[in-house]
Amino acid sequence: MKSATPTFPVVPLSAMGFAAFVYVTFEMFAVGLISPMASDLGVSEGQIGLLMSVYAGLVAVVTIPLMHATRNLDRRPLFIATLGFLMLGIVLQASATNYWVLVAGRVSAALTHGLFWSLANPMAARLAPPGQTGKAVAAVAIGSTMSTVIGAPLSTAVGHAIGWRGATWILGAAVIVALLLLLLTLPSMPARPPRTDDARGQTQSAIPSLVFFLTFAVTAVFASFTYLALLIESTAGTSWVAPGLAAYGAFGLLGVLLTGRRIDARMIRINGGDTVLLMAAAAIGLLALQLDSGPVMLIAVAVLGVAAGALPTAATTIFLHAGKRNQDLASSIYVVTFQVGIASGSALGAAAVDRGHLGGTLVITLALAAAALVALAAFSRPKLR
């Protein structure tokens, strides 16, 4: 008699995806509300914007030490506890009477942001039936992507309508919903010690080269994404900025969905194909600048959206495969590398824009995406096969 095919765990993965939606929405909260937050607290817009850099930097610094310190704890209560820190951050932000209380709120949430994602990916893999790791990771990643498509625009709209403090409290209510969903649906997951039965071999040694691959790829994405509004405005006009950014998010969701369906069987090809899409997006964008063509730039935005949306699911899956002897460590390395890529991409793009060379952001994307492809094909692929 054939054994029954394991059921895909839609409910707990959806709960984790919703938690990801809430966490990332809070991370990006200030992007659309910089001006009212700065005005209300009596600080410059730059000081509010700086909190994004502080957030990413703190995540990069504390993630691996926290994963090491909590390596023997049951993953379920630990994962749920990260939302407790998020809730503390929300309360401090919503009730902030000055800038430093706001800083404390952002820091509180940032402390466990990296831990949240480092736990989420291996937990999704453990919940998944055999051969469906990528599909499970994509189910959680959809929540993060939806924060770009829906969460950030909605929090911005609500913040302008009722004030940024009111919007923060509403986000706090969403955290409570996420906590209840996780408590009701997430099974116990005792910590797993690193595997010692495998020979120290091929897949483990791919991690260092994958770090280079991911650093190049994420830096390539954020060198252009950070200044996407300027790229759209310079070719299509100001009126197309909002629709263009919405299209970027929608095509990012498409990238997640397409990747989740095939990544388990084609992880090397899909990661390589993603870098090719990044290069294509940059090349099309440069052509749009040359032609001063808004429609061509919007095509570039769509291609970039698909590539950027696919990257987290594709790269997470290949990291978990490469680090299968210790997936928690592999996941934390992935999270830190991603944060470094975000900061590096924004900084490199800023250098080009500050020198009056907007197209330089796309040149950086093109060059680094090519470097990512070389790192994957020449150094990671032989160790992963």
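These numbers come from a predicted model, not from an experiment.

1. Brief notes about the packing of aromatic side chains
Applying the stated rule across the entire model yields 10 aromatic pairs. Seen in terms of ring centroids, F79 and F116 are 4.7 Å apart; in terms of plane orientation they differ by 25°. Their pairing is stacked. With a gap of 37 residues between them, F79 in helix α4 (residues 75-94) and F116 in helix α5 (residues 99-127) connect regions that are remote in the sequence. With a centroid separation of 5.3 Å and 75° between ring planes, the pair formed by Y99 and W100 is classed as edge-to-face. Each member of the aromatic cluster is reached from another via a ring pair, and the members are Y23, F79, F116 and W117. The ring of F26 carries the charged tip of R106 above its face, separated from the ring centre by 4.4 Å. The ring centre of F8 lies 4.5 Å from the NZ or CZ of K135, which sits over that ring.

2. Let's talk about a positive patch on the surface
A cluster of basic side chains, namely R261, R262, R266, R269 and R381, defines a positive patch on the protein surface. Along the chain, R261 turns up in helix α10 (residues 241-262).

3. What about the layout of surface pockets?
Estimated volume of the second largest pocket: approximately 450 Å³. Broken down by secondary-structure element, the contributors of at least two residues to the lining of the second largest pocket are α5, α12 (294-322) and α13 (327-354). For the lining of the second largest pocket, the per-class residue count stands at 6 nonpolar, 6 polar and 8 charged.

4. Things to note about the nonpolar core
For soluble globular proteins, the rule of thumb is that nonpolar side chains tend to be buried together. Membership of the largest hydrophobic core comes to 109 residues, with the highest contact counts inside it found for M16, F79, L83, L86, L182 and L210. Sorting elements by how many residues they give to this core places α12 first, with 14 residues. Beyond its immediate chain neighbours, meaning those up to four positions away, L210 contacts I318, F319, A322, L376, S380 and L384.

5. Here's the deal with the side chain of S108
As for its position among the elements, S108 is in helix α5. Contact partners of S108, with chain neighbours within four places excluded, come to F85, L88, G89 and L92.

6. Comments concerning a nonpolar patch on the surface
A cluster of nonpolar side chains, contributed by I176, L180 and L183, occupies part of the molecular surface with about 270 Å² of accessible area. Along the chain, the position of L180 falls in helix α7 (residues 164-185).

7. With respect to helix α11 (residues 267-291)
Across its 25 residues, α11 extends 36 Å between first and last C-alpha, which sits within 8% of the 36 Å expected from 1.5 Å per residue. Along its buried surface, α11 packs onto α8 (207-225), α9 (228-236), α12 and α14 (359-384).

8. What to know about empty space enclosed by the protein
Applying the stated criterion to the full structure yields 1 cavity of 30 Å³ or more. Taken as a whole, the largest cavity encloses approximately 70 Å³ of empty space. Every residue lining the largest cavity is counted, 13 residues in all, and those nearest its centre are L228, A281, A300, L304 and L362. Listing elements by their share of the lining of the largest cavity, those giving two or more residues are α9, α11, α12 and α14. Looking at the lining of the largest cavity residue by residue, the classes come out as 10 nonpolar, 3 polar and no charged.

9. A short note on the pattern of salt bridges
In the structure shown here, the tally under the stated rule is 2 salt bridges. Between D40 and R165 there is a salt bridge, and its shortest N-O distance comes to 3.1 Å. You can see D40 sitting in helix α2 (residues 34-41) and its partner R165 sitting in helix α7, a full 125 residues away along the chain. Its relative accessible area of 44% is what places D40 among the partly exposed residues. Measuring nitrogen to oxygen at the nearest pair gives 3.1 Å for the salt bridge that ties R75 to D328. Of this pair, R75 sits in helix α4 while D328 is found in helix α13, placing the two residues 253 residues apart along the sequence. Just as R75 is buried, D328 falls in that class too.

10. Re α9
When we look at burial in α9, the residues that qualify are L228, L231, I232 and T235. Down the axis of α9, the buried set is contained in an arc of 95°. They therefore lie on one face. Of the surrounding elements, those touching the buried residues of α9 are α8, α10, α11, α12 and α14. G237 sits one or two residues past α9 and shows a positive phi near 100°.

Procedures and definitions
- Residues numbered from 1 in each chain as written.
- Predicted model: local features only at pLDDT ≥ 70, side-chain atom pairs only at ≥ 80, totals over all residues.
- Heavy atoms only, no water.
- Phe/Tyr/Trp six-rings, centres within 6.5 Å; stacked < 30°, edge-to-face > 60°.
- Helix = DSSP H or I, 4+ residues; strand = E, 2+ residues; numbered from the N terminus.
- Lys NZ or Arg CZ within 6 Å of the ring centre and 35° of its normal.
- Patch = residues over 30% accessible without salt bridge, like charges linked within 9 Å, V, L, I, M, F, W, Y side chains within 5 Å.
- Areas by Shrake-Rupley, 256 points an atom, 1.4 Å probe, with all protein chains shown as cover.
- Salt bridge = Lys/Arg side-chain N within 4 Å of Asp/Glu carboxyl O.
- Lys, Arg positive; Asp, Glu negative; His and termini not counted.
- Charge placed at Lys NZ, Arg CZ, Asp CG, Glu CD.
- 1 Å grid on protein atoms, 1.4 Å probe; cavity = no way out; pocket = protein on both sides within 12 Å on 5 of 7 lines; lining within 4 Å.
- Points joined across faces, edges and corners; volume = space filled by probe spheres on them.
- Nonpolar A, V, L, I, M, F, W, Y, C, P; charged D, E, K, R; others polar.
- Core = buried A, V, L, I, M, F, W, Y, C linked by side-chain atoms within 4.5 Å.
- Buried < 20%, exposed > 50% of the residue type's maximum accessible area, 1.4 Å probe, protein only.
- Contact = heavy atoms within 4.5 Å.
- Expected span 1.5 Å × (residues − 1).
- Arc of directions from axis to C-beta.

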